[in-house]
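Close look at the chain arrangement
What follows is the residue order along each chain.
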Amino acid sequence: GPDVPSAIANLSVLVEPMLDIMSFEMGAPLWLAQTEVLDVTPPAAVGEEREIMIFGVSPFHKNARAIDMQTVQGLLMGRLPELPVLQDSRASAVLRWFIKSLETIVLHDQFIFLWIGLEILCDESDTRVEEPYKGACDHEISNCPECGRATTKMVRGATLRAFLHELNVSEEDATALWKMRQLMHGAVPFDSKKLDQLPALVQTLRAAVAAGLKAKLGWDPAAPPIVVAAGLSIHPALAVGGTRPIQQGDTEPVA
C-alpha cells in the first residue's frame, strides 16, 4: 500500500508554503478542508484501481494536533473560588496561560502558552542557577579584569531546567523541553523531525505547570485537576481508506 506518512511529508513541502504566502497576502488564514493521498507508484496507468486515503482535516506539521485521553481529569461540576485566590496577579497570569493551552488543540500553541506559564512560575520561585561569564572562546572569566567584580549571573536555560526538575521532570525531559522551547526563536522548523516529540513533551510540560500552579495557589497536589505527565493521545486528522481508479492528471508532477 501507499507510504502515507512519506506522501504527506512530501506534499507538505509544496502545500504549506503556498498556503502561508496566500494567507499572508490575504491577511486571513486559509485552511485545508480535505487532503487526499493516492498511491501512484510507477507503473501507474489511468483507470487502474489504486489505494486511497482521504483526510477530513489537515494532517500537516504546522497544524500538529493531539487529543489527550484522560491525561487531564477535572471536576465534573465547577465551584466558585474564594476571592483572595484571584488577587495574586502572578498566579492569575499563570492560570490564564494554562487555560489558553486548554482552549487550543494546536500543539505548538499549547507548548508556547504553557512555557510562558512555566517562566512566570520560575521567576517567582527561589530557583537560580548562576555561572561566571564565558567568552565566545568558551573560557570562563570569573572576575572583571578592570574592577575585579564577579561576573556571576543567572543562566536562564539551566535555571529553567533546574526548576522543571523540582517539578518532578526528569533531566532528560527537562533538556528536551528546553530544546523544544527554541521553536519560539524559530530554531525548530515546522517540518523538523524534532517536532515528533511535541505531543509527549506538551503532556510533560502541562503536568509540570499544573503542579507549579497548585503549589503557587497553596493547593493540595492531589486536588483536581489531576494532570499526568504521560498518556495516550490521538491525532484528530482521521482518514477513510479505500480504492479508486487513477484519473488523468493524478500522475502528473506538481509544477
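In this report, we go over the structure that sits alongside the text. Counting restarts for each chain: residues are numbered from 1 in the order of the written sequence. Only residues with pLDDT of at least 70 are given local features in this predicted model, and only at 80 or more are side-chain atom pairs given and counted; all residues enter the totals for whole chains, interfaces and linings. To obtain the side-chain values, all non-hydrogen atoms of the structure were included, while hydrogens and water were left out.

Digging into the nonpolar core
What counts, and what does not: Joining through side-chain atoms within 4.5 Å is the link that ties buried Ala, Val, Leu, Ile, Met, Phe, Trp, Tyr and Cys residues into a set, and such a set is a nonpolar core. Relative accessibility decides the category of a residue: with a 1.4 Å probe and only protein chains considered, values under 20% of the type maximum give buried, values over 50% give exposed, and everything between is partly exposed. A run of H or I in DSSP counts as a helix once it spans at least four residues, and a run of E counts as a strand once it spans at least two, with each numbered from the N terminus. Residues are treated as being in contact if the distance between any of their heavy atoms lies within 4.5 Å.
Ranked by internal contacts, the top residues of the largest apolar core, which has 35 residues, are Phe111, Trp115, Leu118, Leu164 and Leu205. Elements represented by at least two residues in this core include exactly helix H2 (89-102), helix H3 (107-124), helix H4 (156-166), helix H5 (171-181) and helix H6 (198-217). Here the element with the most residues in this core is H6; it accounts for nine residues. Setting aside residues no more than four positions away along its own chain, leucine 118 makes contact with Leu160, Phe163, Leu164, Leu167, Leu205 and Val209.

Topic: the side chain of serine 23
Here serine 23 is to be found in helix H1 (residues 4-26). Take serine 23: its relative accessible area is 13%, and that puts it in the buried class. Not counting the four nearest positions on each side in its chain, serine 23 is found in contact with Ala28, Pro29 and Leu30.

Some points on H2
Condition: Residue count minus one, scaled by 1.5 Å, sets the expected span of a helix. The directions from the helix axis to the C-beta atoms are what the arc is built from.
Between its first and last C-alpha, H2 extends 20 Å over 14 residues, near the 20 Å set by a 1.5 Å rise per residue. Every buried residue belonging to H2 is among Ala91, Val94, Phe98 and Ser101, and all of these are buried. With its buried residues spanning 80° around the axis, H2 presents them on a single face. Seen from the buried face of H2, the exposed residues on the opposite side, beyond 90 degrees, are Ser89 and Arg96.

Considerations on the state of the cysteines
As a reminder, the rule being used: Throughout, disulfides are identified as pairs of cysteine sulfur atoms within 2.5 Å of each other.
Taken as a whole and assessed by the stated rule, the structure comprises zero disulfides. No disulfide involves cysteine 144; its sulfur sits 3.7 Å from the nearest other cysteine sulfur, which is in cysteine 147.

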